[in-house]
Amino acid sequence: MRAFVTRVLAVALATVASSAWAADADHGADLARRWCASCHLVEGTQKQASADVPSFSQIAQKVDFTPEKVAFFLLDPHPKMPSFPLNRLEAADIAAYIGSLRK
């Protein structure tokens, strides 16, 4: 059942991200600096991050990376990260920023 719900939410998120409200990587970068930089290395100029968490660049390079997958991950409660009050568009924006780091 969880796999089905995950797929449905991923499709819904992809629909939102590809609609008139396209994800904004610049806004995602701002959100990442505010909410994610205490643990993750979110940009190259950052001086400090937790050693045991992947940088945003590392996340972007993963073979199975998709912005939709990351956005859903950000919206799904999980024990390794603090809970942030992200809405779907903010999650899509952060995911778009991470995607912009993909080489």
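Within every chain, residues take consecutive numbers counted from 1 along the sequence as written. This being a predicted model, a pLDDT of at least 70 is required before a residue's local features are given, and a value of 80 or more before pairs of side-chain atoms are given or counted; all residues contribute to the totals for chains, interfaces and linings. Think of the side-chain values as coming from all heavy atoms in the structure, minus any hydrogens and water.

A. Here's a closer look at the overall build of the protein. Note on conventions: DSSP H or I runs of at least 4 residues are helices, E runs of at least 2 residues are strands, and numbering of each starts at the N terminus. Regarding its fold elements, the protein presents five helices and zero strands. Ordered by position from N to C terminus, the α and β elements of the protein give α-α-α-α-α. The rule is simple: take the accessible area with a 1.4 Å probe, protein chains only, and divide by the maximum for that residue type; under 20% is buried, over 50% is exposed, in between is partly exposed. Each of the 103 residues in the protein was classed as buried or not, and the buried ones make up 32%. Total accessible area on the protein stands at roughly 6800 Å², and carbon and sulfur atoms take up 61% of it. Only the protein chains shown count as covering a residue, and every accessible area follows the Shrake-Rupley method with a 1.4 Å probe.

B. Highlighting the pattern of salt bridges. The working definition used for a salt bridge is a side-chain nitrogen of Lys or Arg within 4 Å of a carboxyl oxygen of Asp or Glu. Counting across every chain of the model gives three salt bridges. With its nearest N and O atoms 3.2 Å apart, the salt bridge here joins Arg33 to Glu43. Note that Arg33 is positioned in helix α2 (residues 25–35) and Glu43 in the loop between α2 and α3 (56–61), a separation of 10 residues in sequence. Here Lys69 makes a salt bridge to Asp64, at a shortest N to O gap of 3.1 Å. Overall, Lys69 belongs to the partly exposed group, its relative accessible area being 44%. A cluster of three or more residues bridged by salt bridges with shared partners is formed by Asp30, Arg33 and Glu43.

C. Quick peek at the packing of helix α4 (residues 67–75) against helix α5 (residues 88–100). The angle between two axes is taken between their N-to-C directions and runs from 0 to 180 degrees, where each axis is a line fitted to C-alpha atoms and a helix contributes only its stretch in contact. Direction vectors running N to C along α4 and α5 enclose 135°, while the axes themselves pass 8 Å from each other. Relative to α5, the element α4 lies oblique. Helix-helix and strand crossings are classified by hand; for α4 and α5 the assignment is right-handed. Here Pro67, Val70, Ala71, Leu74 and Leu75 of α4 come into contact with α5, specifically with Arg88, Ala91, Ala92, Ile94, Ala95 and Ile98. Residues are sorted three ways: Asp, Glu, Lys and Arg are charged, Ala, Val, Leu, Ile, Met, Phe, Trp, Tyr, Cys and Pro are nonpolar, and all the rest, Gly among them, are polar. Residues belonging to the contact of α4 with α5 are distributed by class as follows: 10 nonpolar, no polar and one charged. Angles below 35 degrees are treated as roughly parallel, those above 145 as roughly antiparallel, those between 65 and 115 as roughly perpendicular, and all remaining angles as oblique. Should the near helix be turned anticlockwise from the far one by less than a right angle, the crossing is left-handed, and should it be turned clockwise, the crossing is right-handed. In what follows, a contact means two residues having at least one pair of non-hydrogen atoms within 4.5 Å.

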